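# Architecture at a glance
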Amino acid sequence: CRAAQALAPLLPSGHVCLGALLREEGDHRAALGEFQIASNLNLADGDAVRGIARAHADLGNPLAAESTYLTRAMREEFESKDRRWLGAFYADRGRFEESADQFEIAIELEPENGLGYRARGGVLIQLGDYGAAIEMLSEARRLRPRDGGVRSNLGMALFYERAYAEAVVELEAGAELE
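Definitions and cut-offs
- Per-chain numbering applies: the sequence of each chain, read as written, is numbered from 1 onward.
- Per-residue local features are limited, in this predicted model, to residues with pLDDT of at least 70; the limit for side-chain atom pairs, both in listing and counting, is 80 or more; totals at the level of whole chains, interfaces and linings are taken over all residues.
- Hydrogens and water molecules were not included; the side-chain quantities draw on all heavy atoms of the structure.
- Only the stretch in contact is used when a helix axis is fitted, and all axes are lines through C-alpha atoms; the angle between N-to-C directions ranges over 0 to 180 degrees.
- Counting from the N terminus, the helices are DSSP H or I runs at least four residues long and the strands are E runs at least two residues long.
- Here roughly perpendicular refers to angles of 65 to 115 degrees, roughly parallel to angles under 35, roughly antiparallel to angles over 145, and oblique to all remaining angles.
- It is the rotation of the near helix from the far one that decides the hand of a crossing: anticlockwise by less than a right angle makes it left-handed, clockwise makes it right-handed.
- Whether two residues touch is decided by their heavy atoms; if any such pair falls within 4.5 Å, the residues are in contact.
- Ten residues, namely Ala, Val, Leu, Ile, Met, Phe, Trp, Tyr, Cys and Pro, are considered nonpolar, four, namely Asp, Glu, Lys and Arg, are considered charged, and the remaining ones, Gly among them, are considered polar.
- For every residue, the accessible area (1.4 Å probe, protein chains only) is compared with the maximum for its type, and the residue is labelled buried under 20%, exposed over 50%, or partly exposed between those bounds.
- Helix span, as expected, comes to 1.5 Å for every residue beyond the first.
- Any two of the Phe, Tyr and Trp rings considered here, Trp counted by its six-membered ring, make a pair once their centres fall within 6.5 Å; the pair's planes then place it as stacked at under 30 degrees, edge-to-face at over 60, or tilted in between.
- Each patch is built from residues that are more than 30% exposed by relative accessible area and take part in no salt bridge. Like charges join if they lie within 9 Å; nonpolar side chains (Val, Leu, Ile, Met, Phe, Trp, Tyr) join within 5 Å.
- The Shrake-Rupley method, run with a 1.4 Å probe, gives the accessible areas here. Residue values count only the displayed protein chains as cover.
- What makes a salt bridge here is a side-chain nitrogen of Lys or Arg within 4 Å of a carboxyl oxygen of Asp or Glu, nothing more.

### Thoughts on the packing of helix H2 (residues 12-25) against helix H3 (residues 28-41)
Relative to each other, H2 and H3 sit at 165°, their axes nearing to 8 Å. One way to sum up the angle between H2 and H3 is to call them roughly antiparallel. As for how H2 packs across H3, the hand of that crossing is left-handed. On the side of H2, the interface is formed by Pro 12, His 15, Val 16, Leu 18, Gly 19, Ala 20, Leu 22 and Arg 23, while H3 contributes His 28, Ala 30, Ala 31, Glu 34, Phe 35, Ile 37, Ala 38 and Leu 41. A per-class count over the contact of H2 with H3 returns eleven nonpolar, three polar and two charged.

### Considering the environment of Trp 85
Residue position: Trp 85 is located in helix H6 (residues 80-92). Judged by relative accessible area, which is 12%, Trp 85 ranks as buried. Each C-alpha atom of the pair Trp 85 and Ala 73 lies 9.0 Å from the other, and the pair is twelve residues apart in sequence.

### Examining H6
Under the 1.5 Å per step criterion, the end-to-end length of H6 is 18 Å for 13 residues, consistent within 8% with the ideal 18 Å. Those residues of H6 not exposed but buried are Ser 80, Asp 82, Arg 83, Arg 84, Trp 85, Leu 86, Gly 87, Phe 89 and Tyr 90. Those residues of H6 hidden inside the fold are in contact with helix H4 (46-58), helix H5 (62-73), helix H7 (96-109) and helix H8 (114-127). Gly 94 sits one or two positions beyond H6 and adopts a positive phi of about 75°.

### Looking at the packing of H5 against H6
At a minimum axis separation of 9 Å, H5 and H6 run at an interaxial angle of 155°. Taken together, the axis directions place H5 and H6 in an arrangement best described as roughly antiparallel. Note that H5 runs across H6; the crossing there is left-handed. The segment H5 lies against H6, with Pro 62, Ala 65, Glu 66, Tyr 69, Leu 70, Arg 72 and Ala 73 engaging Asp 82, Arg 83, Trp 85, Leu 86, Phe 89 and Tyr 90.

### Observations concerning the packing of aromatic side chains
Ring pairs (aromatic) are described by centroid distance and by the angle formed between their planes. Taken as a whole and assessed by the stated rule, the structure comprises five aromatic pairs. Ring geometry for Phe 89 against Tyr 90: centres 5.9 Å apart, planes inclined by 55°, an arrangement best described as tilted. Residue Tyr 90 is classed as buried on the basis of its relative accessible area, which comes to 4%. Each ring, one from Phe 159 and one from Tyr 160, has its centre 6.0 Å from the other, and the planes form 70°; the classification is edge-to-face. Taken together, Tyr 130, Phe 159, Tyr 160 and Tyr 164 form an aromatic cluster joined through their ring pairs.

### Topic: a nonpolar patch on the surface
A cluster of nonpolar side chains, namely Met 156, Phe 159, Tyr 160 and Tyr 164, defines an oily patch on the protein surface of about 370 Å² accessible area. Broken down by element, the residue count for the nonpolar patch peaks at three residues, all from helix H10 (residues 148-160). Mapped onto the secondary structure, Phe 159 falls in helix H10.

### Details of the side chain of His 15
Structurally, His 15 is set in helix H2. Contacts of His 15, omitting those with residues within four sequence positions, involve Gln 5, Pro 9, Glu 34, Ile 37, Ala 38 and Leu 41.

### Let's talk about unusual backbone geometry
Even without being glycine, Arg 162 reaches a positive phi, approximately 65°. Note that Arg 162 resides in the loop between H10 and helix H11 (164-177). Classification of Arg 162 as exposed rests on a relative accessible area of 63%.

Given below as structure tokens:
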């Protein structure tokens, strides 16, 4: 990453790569700087924006992180993944209703992407809405049949709904796939 950034300092990808490396090393302030450079070079670079938000969160500034996610999500060219990132941010902070709303928007934007269904189903489990979680996770299973996390979450939702036999099948499948 450092070599790529040094060889082509005007390409955002090198700065995103270096930012990710610095973040992994725990140098969140330097990571933030690299992500900001990448974003300045290409305002549409979603990885740079996500890096900025995550670095803000790492530095203990959740309001700046949320603002960064919201700014990206509100753009005209926003994508399903922007809403999933914002939904994950809210879920990490225990803001499950807001998280579920963002995942619902992600599903509306990209109904054939099982990640939105998987994430919303997991949040609905946290909210105790097991019936709705089962619906979401069943659709996620249809779209991502080899995803162990989907199967495990579906198993948990079924367990909470007292559908024990079905829960065991899904939990075992999830354990096999993970």
